[in-house]
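Commentary on secondary and tertiary structure
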Amino acid sequence: MNDLLFGVDPKGLAVPAVAWATAEADRRRLRLCLVVALPPVHDRLWYDAVGHGSALRLRAESALANVEDLVRELHSDVRISAELTAGTPATVLLDRAADADLVVVGSRGLGRAVELLGEGSVVVPLTARAPCPVVVVRAPEHTAVHPPTLVVGVDGSGASRAAVAFAVEEASLREARLRAVWVWPRPVLAHDDTEEGLSERRRLLAESLAGWAERYPDVDITAEVCRGHPVEQLALAAQSSLALVVGRTGRGGYTGMRLGSTVHGLLHHADCPVITVPSAGRKKQGGAPARACKSRLRTTGPPLPG
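Bear in mind that the values here come from a model prediction, so they are computed numbers and not experimental data.

Attention shifts here to the overall build of the chain. Helix and strand counts for the chain come out as ten helices and eleven strands. Out of the 306 residues belonging to the chain, those deemed buried represent 47%. Long-range pairs, those at least 24 residues apart, make up 81% of the contacts in the chain between residues at least 6 apart in sequence. Summed over its atoms, the accessible surface of the chain is roughly 14900 Å², and 53% of this surface lies on carbon and sulfur atoms.

Written out as structure tokens, the structure is:
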């Protein structure tokens, strides 16, 4: 592996997403694999489709070149590979994600229906099905806020345990503190809102964080239980953070997708990058060696370390 996959949007340069991916590749010493996909041309006569396809390719090549130039300007020592390939963007990125440590994409703030159902939709299907963590950069990280802070949503599930593991490592890399938040939805019946219930959730939150402070003594970890709607409370907690880390949970109502409703909401409302982490064990272990990130156009930068 040792690759960070970045999905290039040919419709515009997503500067915050490029900056986040480049800095993360530098921090984790990963090769930055830039991929742009050319979707099939439909609903056109064959002679018109040829010209339209050529125009799409030129735009994609230009977008790829612009991203490469920006990466070199930001971090000249980051290793880069670039690929332009045919296929729907979500399908191509899911295929490449099988061999990546991390996937980063931008979000153009599309409406919910377009993001979910549009032919070129990427964010939701990629977040729901990728075998590795996916970072969606809808808004820039808040680097001017001190001390720098990462927020992780915790609910005691296997997915949130994987999110905690990723968040602690990321906080260590970023020299940031980690704020672990358990959101307890307000009950329908008042008598369910008890001090015992709050104490139980504090205990479960402590269990979810057990051992991480010893493994990462450089990370200041705080824990809190708050009341309210998970999307609203997590978005509020992360409004000044470097990123919000959450586990991928639940089953959506869309064929082939598995994504919790909280993640759906955060992808559209969080005012910082959102990192969605699949449950541990999703990536294949052992077996045949993973293929390298394809580079059908060019590869730049110093050679990979041995």
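Following the structure, the description resumes.
In this section: helix 1 (residues 15–28). Here helix 1 contains 14 residues, and its C-alpha end-to-end distance of 20 Å stays within 8% of the 20 Å for a straight helix at 1.5 Å per residue. By the burial criterion, the buried members of helix 1 are Ala 17, Val 18, Trp 20, Ala 21, Thr 22, Ala 23, Glu 24, Ala 25 and Arg 28. A positive backbone phi angle near 55 degrees is found at Arg 29, which sits one or two residues after helix 1.

On to the pattern of salt bridges. All told, the structure shown has 15 salt bridges when counted by the stated rule. For the salt bridge of Arg 203 with Glu 200, the shortest nitrogen-to-oxygen distance reads 2.6 Å. Taken together, the positions of Arg 203 and Glu 200, both in helix 7 (residues 195–209) and three residues apart, correspond to about one turn of that helix. By relative accessible area, Glu 200 is classed as partly exposed at 32%. Connected through salt bridges with shared partners, the residues Glu 24, Arg 27, Arg 28, Glu 141, Glu 169, Glu 170 and Arg 174 form a single ionic network.

Attention now moves to the packing of aromatic side chains. For the structure shown, the criterion picks out one aromatic pair. Between the aromatic rings of Trp 212 and Tyr 216, the centroid separation amounts to 6.2 Å while the plane-to-plane angle is 35 degrees, which identifies the pairing as tilted. The class of Trp 212 is buried, set by a relative accessible area of 14%. Lying across the ring of Trp 184, Arg 227 places its NZ or CZ 3.6 Å from the centre.

Scoring rules and cut-offs
Think of each chain on its own: its residues are numbered from 1, step by step along the sequence as written. Reporting in this predicted model follows two pLDDT cut-offs: at least 70 for local features of residues, and 80 or more for side-chain atom pairs to be given and counted; totals over whole chains, interfaces and linings ignore these cut-offs and use all residues. Note that water and hydrogens are dropped before the side-chain values are worked out from all heavy atoms of the structure. Helix and strand definitions follow DSSP, with helices as H or I runs of at least four residues and strands as E runs of at least two, each counted in order from the N terminus. Only protein chains enter the accessibility calculation, which uses a 1.4 Å probe. A residue is then buried if its area is under 20% of the maximum for its type, exposed if over 50%, and partly exposed in between. Two residues form a contact once any of their heavy atoms are found within 4.5 Å. Residue-level accessible areas treat just the shown protein chains as cover; the underlying method is Shrake-Rupley with a 1.4 Å probe. Any helix carries an expected span of 1.5 Å times its number of residues minus one. By definition, a salt bridge exists where a carboxyl oxygen of Asp or Glu is found within 4 Å of a side-chain nitrogen of Lys or Arg. Each Phe, Tyr or Trp ring, with Trp reduced to its six-membered ring, pairs with another whose centre is within 6.5 Å; inter-plane angles below 30 degrees give stacked pairs, above 60 give edge-to-face pairs, and intermediate values give tilted ones. Only lysine NZ and arginine CZ atoms are considered, and such an atom sits over a ring when it is within 6 Å of the ring centre and within 35 degrees of the ring normal.

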